[in-house]
Amino acid sequence: MAKNRALPVDAYIRDRPELAGPHSNANDLRLWRSLEEAGECTKVRRILQAENSAPANPGSFDRRAMLNFMTASLALGGLAGCAVNRQPFGAPLLSQPFRSPQHTPGVPLFFATSLELDGLGRGVLVKSHDGRPVKIEGNPQHPASLGATDVFSQAEVLSLYDPDRSKHPIAGGERRSWTDARQLIAQLRQQFLAKKGRGLRILLQPCASPTRDRLIRLVRQAFPEARWHAYSPLPDDQGRAATRAVFARPLDQVFALDRADVILTLGGDLLGSGPGHVRYAADYADRRRAADRSPPVLYTVETTPSLTGARADRRLAAAPREIEHFARQILIHLEMGAPATPDQLSVARRAAEDLARAGPHALVAAGREQPVTVQAIAHALNSRLGAIGTTVRYIEPLFAGSGEMETLTELASAIAAGDVEALLILGGNPVYDAPTDIEFAKMLGSVPLSIHVGTYRDETGLACRWHLPARHPLESWGDLRAFDGTVGLRQPATVPLIEATTPEELLGELAGEAADARELVQATWRAEWGADFDARWITSLEQGLIEGSGEVTVPVQPGDWSPPPATRSPPAEGQTVVFAPDPSVWDGRFANNAWLQELPKPLSKQVWGNAAFMAPADASALGLRGGDIAVFRHNGRSIEAPVWPLPGHAQNAVTVTLGYGRTAAGKIGNSRGFDAYRLRTSQEPWIIENVDVLSTGRRERLVTTQHHHSMEGRDIVRVVAPGAASASSSVSPPPSFYPDFVYDGNAWGMTIDLDVCLGCNACVIACQAENNVPVVGPEEVARGREMHWLRIDRYYSGHPNSPQTYFQPVPCMHCEKAPCELVCPVNATVHSSEGLNEMTYSRCVGTRTCSNNCPYKVRRFNWFDYSRLPFAATDDVFNPEVTVRWRGIMEKCTYCVQRISATRIAARIENRPIRDGELMTACQQACPTRAIVFGDINDPASLVRKQKQDPRNYALLGELNTQPRTTYLARISDGPSAQGAADAHDDAG
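These numbers come from a predicted model, not from an experiment.

Q: Describe the overall build of the protein, and please don't skip the residues or the numbers.
A: Along the protein, the regular secondary structure elements total 30 helices and 38 strands. Evaluated residue by residue, the protein yields a buried proportion of 59% over its 989 residues. The contacts in the protein between residues at least 6 apart in sequence include a share of 75% that link residues at least 24 apart. When the accessible surface of the protein is totalled, it reaches about 38,300 Å², and 52% of it is carbon and sulfur.

What follows is the structure in structure tokens.
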């Protein structure tokens, strides 16, 4: 195939032997956060200097008016100190089902339940105050979470209270009663019972639910001639086809990363997204920490930079065609039985050598977007290495319980042929996310009766003749299988906030089992457990899972499979477009969630929109800069999208993320970004070649946080070689006017291990949910006024074509000698008896001198009453244990002081000290890799004390002698993550 083009990157980086970005540290790393910083662009400095002088909301306050207003607020400081939040607090749901004689009002309850993503369950614990869920944590007993969460689990509590949720049945655009809706379903049942279901079609999203599977089988018996269809906007059809090709049957796979010495990922994002990613991230981190074994070696070959690639020991950026060639080369090298010599530069040969050396403790994983051949090669490699049964095992398909399902394409053909009298759509939004060549919205209009059941009256709900509201998962019953087959029960953490139904209840009505969802779930497991039902039901509800329900390993034999001969197709003309789920809104289902919209994406740091990512060299060759709008054309279809040159992206390829461009998501999600689904077809759901890219000559402002809160080139991220003596700086701190203080009781501190941090953002959104951090909207974020108490800085080192990526979470440092405390004129920021740097909100008058004096830039000023903005969360989602701050004061991380107080009270009641590990901050509890450790540094046996004695421990900007209570463990690396462009050329052939 054709070689990669040698394209210049002079538009971004100066021509010199080494890339000397503005950030440097004691390890002689040259760190930079953007392409502009890599070239030391002066325009960025002008933007940073103008950040705090930007005008406020246009038409509201100019700079002079704002200063006058602040002067008046100082004069009224005494009154401001007595002010309270005038916003009414949401009325708690004092419902009897969530009260008992033993329960004390105001004391939170926790409910173990399961949340769904791509049809699979993740075990969580829901914290509920008097029937009002306010926080979600991972379930430590559930194999898919092990007590951690991802950003989507954390954000579900905000979706529960979304005012844009569907509230009433709608028919023909008019509100109808639930009596009318139930009569409609009863008539539908009677009409098609006589026809045995002929003319009835049911469309579902794949869902691994035993109860739903049971009900589907019952409906199939009642309507044997009805046709069933399944559609997911993120399909894994190619994965099932790959196992069918290699093992002669469709199977699902489960990995054991804690047993792997060498890991090779071919596309995808094993640690950052997809089935089981929270568990896989935890297992990978545990393996790196293992003292009795050397850390695993991670190879990543990918087109789009990912969290897995950022963590890789050796990463290769490759276009989709090159990934297939790379996989073939690995297979050839293994079959030849001749390991590469150390002087050979090919990444494929080096990877093959390491994999062969690891043998059964090797692991090869392919992303679901990869072609069937690539995924089949991954299975074959695991078989040849002997890894099956050690690092990978196979189980029965998790979605097989509902029987064979036809495709969405077959449904469209049936509609076109006039064979569909009634269509029941149970969840999903195919009008928005169906492949564009199907033209599903147009097809749907010709169906005599169409019924949509969904949480929102979205694009599909508007197009159907009937729409029925569905309950949110936090207010409904059900069950879900996890990535390994373990069944988790779903129970409501609140009474239903609106009158609605569930897909299970509707299927039950069709099957003649008119019952609520709880009775339907109980019927499933009563038949399974028999006489043991009552005892096992209560136990399973308390644990959140059914013990022993995981899928049994299926023995497999690969047979004589070998990859088909490589086709010598002509070189691709134009660009190859790769589709990917968005790290914030996924496939579009979370588009109306303001927390996720404002969450900076891990690598681009973009918020409130999406962009087309491409290699900096390709953007330079096409004459495109960040924010330039380009048109992408293929076979008569086109989209317009702003371009984002992303360091580390493969050349000759473009990545577009799904989930934006919504028109019926709600007031938060409508008209955000561009709709990439319009370029996607049923034949090419993941990768499209030969796409023409042309500039439109227009530009769009992309909102990003990558330049915010810069620490101006000081010692940031530190990297040490394995077994290095120390990561601490040799610079002696200057003398201090602060007196030293000895803490007799608890002295709280934190460590963050950069060696296992993935930059997944779970900690950021957990902090937001726990501490009532407001959403400010895209205009305010563009001014640098986002309110997140915890941020994750992303740095690069090396050349933009193949940089090494570093993540660093930055909360308040809780400095022992805090510069902020010295300059506060009203003593609002003070030191506690346990070493916390606290904020007394009632004293703060908003001078912002503390923020100006903070070298870490971790303090936030709430410029406006953000509760009045259209992006604001409803009062119901607020954590009642945390003060809701009013306008004009500073906010910052408090080490979750409310959790410290609650744990202290519990320990005093039991007359004992606080146990190590008993107290967890919100960010610590959410972290999948346990990179964050919090505890009492006065306790010699505490984990945080031990980590602070680790040679890798260092203080951020420790030379300032602020003595921060938050310190870092340096990342461990023995060299660069990739050989560079030359290796890509060697392996691509």
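Q: Provide a residue-level description of helix α18 (residues 503–511), including the pertinent values.
A: With respect to burial, α18 is a largely interior element, 8 of its 9 residues being buried. What α18 keeps buried is the set Pro-503, Glu-504, Glu-505, Leu-506, Leu-507, Gly-508, Leu-510 and Ala-511. Phi turns positive, to about 90 degrees, at Gly-512, one or two residues after α18.

Q: Hey, could you go over empty space enclosed by the protein for me, with residue numbers and the actual values?
A: Evaluation of the coordinates by the stated rule reveals 13 cavities of 30 Å³ or more. Size it by volume and the largest cavity reaches roughly 870 Å³. Along its surface, the largest cavity is lined by 37 residues, and Glu-116, Gln-205, Gly-428, Thr-455 and Arg-589 are the ones closest to its centre. Listing elements by their share of the lining of the largest cavity, those giving two or more residues are α5 (151–160), α15 (430–433), β17 (449–454) and α18. The leading source of residues in the lining of the largest cavity is β17, at 3 residues. Across the lining of the largest cavity, the residue classes tally to 12 nonpolar, 14 polar and 11 charged. As a volume, the second largest cavity reaches approximately 200 Å³. As for the second largest cavity, its lining consists of 17 residues, and the residues nearest its centre are Pro-600, Thr-705, Arg-791, Ile-792 and Asp-793. Residue contributions to the lining of the second largest cavity peak at 4 residues, all from strand β29 (residues 791–797). Taken together, the residues of the lining of the second largest cavity break down into 4 nonpolar, 6 polar and 7 charged.

Q: Residue-level account of the side chain of Gln-491, with values.
A: Looking at where Gln-491 falls in the secondary structure, it is placed in the loop between β20 (487–490) and α18. For Gln-491, the side chain forms a polar contact with the main-chain oxygen of Ala-112, separated by 2.9 Å. When sequence neighbours within four positions are dropped, the list of residues in contact with Gln-491 reads Phe-111, Ala-112, Thr-113, Ser-476, Trp-477 and Leu-541.

Q: Tell me what's going on with the state of the cysteines, and back it up with residues and numbers.
A: A full pass over the atoms with the stated rule returns 0 disulfides. The closest cysteine sulfur to the non-disulfide-bonded Cys-767 is located on Cys-893, 6.3 Å from its own sulfur. Here Cys-896 stays free of any disulfide, with the sulfur of Cys-923 as its closest cysteine sulfur at 6.2 Å. Here Cys-896 falls in the buried class, since its relative accessible area comes to 7%.

Q: Provide a residue-level description of the sheet that holds strand β21 (residues 575–580), including the pertinent values.
A: What the 6 strands build is a closed barrel, ordered β21-β25-β22-β24-β23-β26; its pairing is mixed. Here the average twist between neighbouring strands, direction ignored, is 45 degrees. Pairing of strand β23 (residues 628–634) with strand β24 (residues 637–645), which is carried by 6 bridges, proceeds in the antiparallel orientation. Looking across to β24, one finds that Ile-629 is bridged to Pro-642.

Q: Lay out the packing of aromatic side chains in plain terms, naming residues and giving numbers.
A: Within this structure, the stated rule accounts for 18 aromatic pairs. Measuring from centroid to centroid gives 5.4 Å for Tyr-280 and Phe-483, while their planes differ by 80 degrees, and the two rings are edge-to-face. With Tyr-280 in helix α9 (residues 277–289) and Phe-483 in the loop between β19 (478–481) and β20, this pair connects stretches of sequence that are 203 residues apart. With a relative accessible area of 3%, Tyr-280 lands in the buried category. Residue classification places Phe-483 among the buried residues on the basis of a relative accessible area of 8%. Here a set of aromatic residues connected by ring pairs shows up, and it is made of Trp-477, Trp-525, Trp-529, Phe-533 and Trp-537. Taking the ring centre of Phe-533 as reference, the NZ or CZ of Arg-526 above it sits at 4.3 Å.

Q: Describe unusual backbone geometry, with residues and values.
A: A positive phi angle is found at Leu-146, which is not glycine, with a value near 55 degrees. Among the structural elements, Leu-146 can be located in the loop between β5 (132–138) and α5. A positive phi angle, close to 60 degrees, is found at Tyr-895, a residue other than glycine. One can find Tyr-895 in the loop between β34 (890–891) and α27 (897–909).

Q: Run through the nonpolar core, naming residues and quoting values.
A: Ranked by size, the top nonpolar core spans 134 residues in total, and within it Trp-595 and Phe-632 carry the most contacts. In terms of residue count, α5 provides more of this core than any other element does, 6 residues in total. Once residues within four sequence positions are removed from consideration, Phe-632 is found in contact with Ala-612, Arg-637, Ser-638, Ile-639, Ala-641, Val-654, Leu-679, Val-691, Asp-692 and Val-693. Grouped together as the second largest cluster of nonpolar side chains are 61 residues, Leu-334, Ile-377, Ile-395 and Val-554 included.

Q: For the confidence of the model for the protein, give the residues involved together with the corresponding values.
A: Low pLDDT means the predicted coordinates in that region are not meant to be read closely. In this model, the protein carries an average pLDDT of 88, and 87% of its residues clear a pLDDT of 70 or more. Low pLDDT (under 50) marks residues 47–61, which in the prediction has 22 contacts with non-local residues, meaning those over four places away or in another chain. Throughout residues 340–345 the model reports pLDDT below 50, and contacts reaching past four residues in sequence, or to other chains, amount to 6 contacts.

Reading the values: rules and limits
Residues numbered from 1 in each chain as written. Predicted model: local features only at pLDDT ≥ 70, side-chain atom pairs only at ≥ 80, totals over all residues. Heavy atoms only, no water. Helix = DSSP H or I, 4+ residues; strand = E, 2+ residues; numbered from the N terminus. Buried < 20%, exposed > 50% of the residue type's maximum accessible area, 1.4 Å probe, protein only. Contact = heavy atoms within 4.5 Å. Areas by Shrake-Rupley, 256 points an atom, 1.4 Å probe, with all protein chains shown as cover. 1 Å grid on protein atoms, 1.4 Å probe; cavity = no way out; pocket = protein on both sides within 12 Å on 5 of 7 lines; lining within 4 Å. Points joined across faces, edges and corners; volume = space filled by probe spheres on them. Nonpolar A, V, L, I, M, F, W, Y, C, P; charged D, E, K, R; others polar. Polar contact = N/O pair within 3.5 Å; in protein donor to acceptor, adjacent residues only side chain to side chain. Disulfide = S-S within 2.5 Å. Pairing = 2+ DSSP bridges. Axes fitted to C-alpha atoms, helices over the stretch in contact; angles between N-to-C directions. Phe/Tyr/Trp six-rings, centres within 6.5 Å; stacked < 30°, edge-to-face > 60°. Lys NZ or Arg CZ within 6 Å of the ring centre and 35° of its normal. Core = buried A, V, L, I, M, F, W, Y, C linked by side-chain atoms within 4.5 Å. pLDDT = per-residue confidence, 0-100.

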